[in-house]
Amino acid sequence: MDQSPAAERHGNLRTGFSPAPDVAALRDQPGIIRVPTPFGPSAWLLTRHADVRRMLGDAETFRNGWGPEDLDGLALDPRQLSGDRSGNLLSLDPPDHTRLRRMLTPEFTVRRMRRLEPRIVEIVDQHLDAMERSGAPADLVAEFALPIPSLVICELLGVPTGDQAEFQERTSRQLDTTLPEAEKVELAAQSLAYMNELVARARRDPGEDLIGMLIRDHDDQLSNAELVGIANLLLVAGHETTSNMLGLGTLALLRHPDQLALVRDDPESVPKAVEELLRWLSVVNGGSPRMATRDVELAGTTIRRGDLVMFNLPAANRDPELTDDPDRLDITRPTPPHVGFGHGIHHCLGAPLARMEMRIAFPALLRRFPELRLAIPDEEVAFATHQAIYGLKELPVAW
């Protein structure tokens, strides 16, 4: 199909918890359409769950990277404008992706992540204590949702205690989309310099953290640039996504008090609640465009070799073919195979850690403050509609 007005606006209209209305409407139409992209060539947009899973599950047909020759002579891969892709699993394809993923996977097993559980419980309790001491109202985003995942990443990467306050402050500023471009560039440079210093320290004296274990086990197979890239990926992917899930998830539960009560009072309901919130909220809009390596038919449309393909996870996770009444939050429903963490070889490596953080944080918050409520009118809650990872600007609460 040709481009349409709906396609041209496909990424700009998400407000509240639902996918962008135009994208949801496209999902309910037959076939797929092409949409403009910010880097030149148009791309096919996938919005149905089955189509997204099929594409993400076929890394041979839909590869992640592209070079200048693929983009009609453009000088740069648009995703390299911010720096080197070394170590960034999200933008790599086999065999580089396979090599790095094989090294990292043992560090992200559920069993390994459980070593962090006591420290995560401690971090959550410390922030609840601080909120309780300060008293209501409190901004749940600034005082709970943002700092907890940041400190967990500090533990994972081996950021020394003395550096953690500065690390948190810099990370928080990096996630502020209102900053001037020059300040964003400066913060990125500072972060890169710190990660290089962290890797250099770990080379000299590897600890029990992720970077230290990778150096001990794979020292001769990993460059400094790859270790820095891995650390940066974990910082962004492991911090902002979980932070935004904690903020949005709390608001969702406040708007569904019967389901909030289940999460607060019934420990067995918590894992299913986390999965339903991941599906229903879908804080990650999509991912790097894929490029077809051969002609392939999808949803009755022929995608030609060299065509770009984009995908919308919020629409896919609200597909009526995935689950009954998909627009309704229901933490008691059987967990469908949502794509909140992606699918295929790029399925989120840190999913076990993110799940653990949410399973600990949500019930702990609700038990500590059983009368938790919004401190502003519901209609005044400000969604961060222009961020790459969807979330809230702030969430004033009282108890």
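The notes below deal with the structure included here. (Residues numbered from 1 in each chain as written. Predicted model: local features only at pLDDT ≥ 70, side-chain atom pairs only at ≥ 80, totals over all residues. Heavy atoms only, no water.)

1. Some details on the pairing of strand β2 (residues 43-46)
Across the two faces of β2 the burial is the same, with Ala43 and Leu45 and Trp44 and Leu46 all buried. Relative to β2, strand β1 (residues 33-35) is paired through three bridges, and the arrangement is antiparallel. Each bridged residue has a counterpart across the sheet, and for Arg34 the counterpart in β2 is Trp44. Pairing of β2 with strand β8 (residues 308-311), which is carried by four bridges, proceeds in the parallel orientation. Paired with Trp44 across the strands is Val309, a residue of β8. (Buried < 20%, exposed > 50% of the residue type's maximum accessible area, 1.4 Å probe, protein only. Helix = DSSP H or I, 4+ residues; strand = E, 2+ residues; numbered from the N terminus. Pairing = 2+ DSSP bridges.)

2. Here's the deal with the packing of aromatic side chains
Scanning the entire structure with this criterion turns up five aromatic pairs. When the ring of Phe383 is compared with that of Tyr390, the centres are 6.0 Å apart and the planes differ by 15 degrees; the resulting orientation is stacked. A relative accessible area of 13% means that Phe383 is categorised as buried. For Tyr390, a relative accessible area of 3% gives the class buried. Members of the aromatic cluster, each reached through a chain of ring pairs, are Phe17, Trp280, Phe383 and Tyr390. (Phe/Tyr/Trp six-rings, centres within 6.5 Å; stacked < 30°, edge-to-face > 60°.)

3. Digging into the packing of helix α8 (residues 147-157) against helix α9 (residues 161-174)
Orientation of α8 relative to α9, taken along the N-to-C sense of each, is 125 degrees, at an axis distance of 10 Å. Overall, the two elements α8 and α9 adopt an arrangement that is oblique. In the crossing of α8 with α9, the sense of the turn from one axis to the other is right-handed. Counted together, Pro147, Ser150, Leu151, Ile153, Cys154 and Glu155 of α8 and Gln164, Phe167, Gln168 and Thr171 of α9 form the full contact between these two elements. (Axes fitted to C-alpha atoms, helices over the stretch in contact; angles between N-to-C directions. Parallel < 35°, antiparallel > 145°, perpendicular 65-115°, else oblique. Left-handed = near helix turned anticlockwise from the far one by under 90°. Contact = heavy atoms within 4.5 Å.)

4. Observations concerning the environment of Leu156
Here Leu156 shows up in helix α8. Classification of Leu156 as buried rests on a relative accessible area of 7%. Apart from residues lying up to four places away in sequence, Leu156 is in contact with Phe108, Met113, Leu116, Asp209, Leu210, Leu234 and Leu353.

5. Topic: unusual backbone geometry
Apart from glycine, the bulk of residues carry a negative phi angle, and the bulk of peptide bonds sit in the trans form. Put simply, Pro94 and Pro95 share a cis peptide bond, and its omega is 10 degrees. Examined against the element boundaries, Pro95 turns out to sit in the loop between β3 (62-63) and α4 (96-104). Cis geometry is adopted by the peptide bond preceding Pro137, which originates at Ala136 and carries an omega value of 0 degrees. Although it is not a glycine, Ser282 adopts a positive phi angle of roughly 45 degrees. One can find Ser282 in the loop between α14 (270-281) and β5 (290-292). For Asp325, which is not glycine, the phi torsion reads 45 degrees and is therefore positive. With respect to the helices and strands, the residue Asp325 is situated in the loop between α15 (313-317) and α16 (351-368).

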